[in-house]
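Architecture and fold: a report
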Amino acid sequence: AGTSILFFPEGTRSRSGHLMRFKKGAFKMAVDLDLPILPVALVGTRDVMPADSWHVFPGQVFLIFHPPVATDEYNDDTMDRLMENVRETIQTSLDEYRRREHIEEYLVEPKGEP
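This part covers the pattern of salt bridges. Under the counting rule described, the total for this entry stands at four salt bridges. Here Lys 24 and Asp 80 are joined by a salt bridge, their closest N and O atoms 3.4 Å apart. In this pair, Lys 24 is assigned in the segment before helix H1 (25-33) and Asp 80 in helix H3 (residues 79-99), connecting sequence segments 56 residues apart. We classify Lys 24 as partly exposed; its relative accessible area is 46%. Salt-bridge contacts for Lys 28 lead to Asp 76; the nearest nitrogen and oxygen are separated by 3.1 Å. One end of the pair, Lys 28, is in helix H1; the other, Asp 76, is in the loop between strand S2 (62-65) and H3, and 48 residues separate them in sequence. According to the relative accessible area criterion, Lys 28 is partly exposed, its value standing at 31%. Connected via shared salt-bridge partners are Lys 28, Asp 32 and Asp 76.

Shown next, in the form of structure tokens:
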């Protein structure tokens, strides 16, 4: 039910592999339309599709899904706080993944045939 919209809030791929500053567009749309934001951390994309290339290389990419963030309590004046909260959520999971302390809890078996 409904339509999903995908935004990459950094606006471009990171050359360093570090999470960059978020741009406001996705957050402005979510706040204006009172839509929840589903933070998703992507791990491994730098190796599979480097920033300066359109070539796709073999490899694994992990997606870490976080709970949705309601936007109904935010407005244009508090949007920076929303952006910081979402960015911090994603950054924390990236840091945990890189330490590989809890990798098993992020791995989910694909659905369908084995």
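Burial along strand S1 (residues 40-43) is one-sided: Ala 41 and Val 43 are buried, while Val 40 and Leu 42, pointing the other way, are not. Sheet topology places S1 next to S2; four bridges connect them, and they run antiparallel. Looking across to S2, one finds that Ala 41 is bridged to Ile 64.

This part covers H3. Spanning 21 residues, H3 covers 30 Å between terminal C-alpha atoms, matching the ideal 30 Å at 1.5 Å per step. By the burial criterion, the buried members of H3 are Met 79, Leu 82, Met 83, Val 86, Ile 90, Gln 91, Ser 93, Leu 94 and Tyr 97. Take H3 and look down its axis: the buried residues cluster within an arc of 160 degrees, on one side only. Projecting away from the buried face of H3 at angles above 90 degrees are the exposed residues Glu 84 and Glu 88.

Membership of the largest hydrophobic core comes to 18 residues, with the highest contact counts inside it found for Phe 22, Phe 27, Ile 37, Leu 82, Val 86, Ile 90 and Leu 94. For this core, the elements supplying multiple residues, two or more each, are H1, S1 and H3. Top contributing element to this core by residue count: H3, with seven residues. Other than its neighbours up to four places away in sequence, Phe 22 contacts Pro 9, Glu 10, Phe 27, Met 83, Val 86, Arg 87 and Ile 90.

So, how was this worked out
Residues numbered from 1 in each chain as written. Predicted model: local features only at pLDDT ≥ 70, side-chain atom pairs only at ≥ 80, totals over all residues. Heavy atoms only, no water. Salt bridge = Lys/Arg side-chain N within 4 Å of Asp/Glu carboxyl O. Helix = DSSP H or I, 4+ residues; strand = E, 2+ residues; numbered from the N terminus. Buried < 20%, exposed > 50% of the residue type's maximum accessible area, 1.4 Å probe, protein only. Pairing = 2+ DSSP bridges. Expected span 1.5 Å × (residues − 1). Arc of directions from axis to C-beta. Core = buried A, V, L, I, M, F, W, Y, C linked by side-chain atoms within 4.5 Å. Contact = heavy atoms within 4.5 Å.

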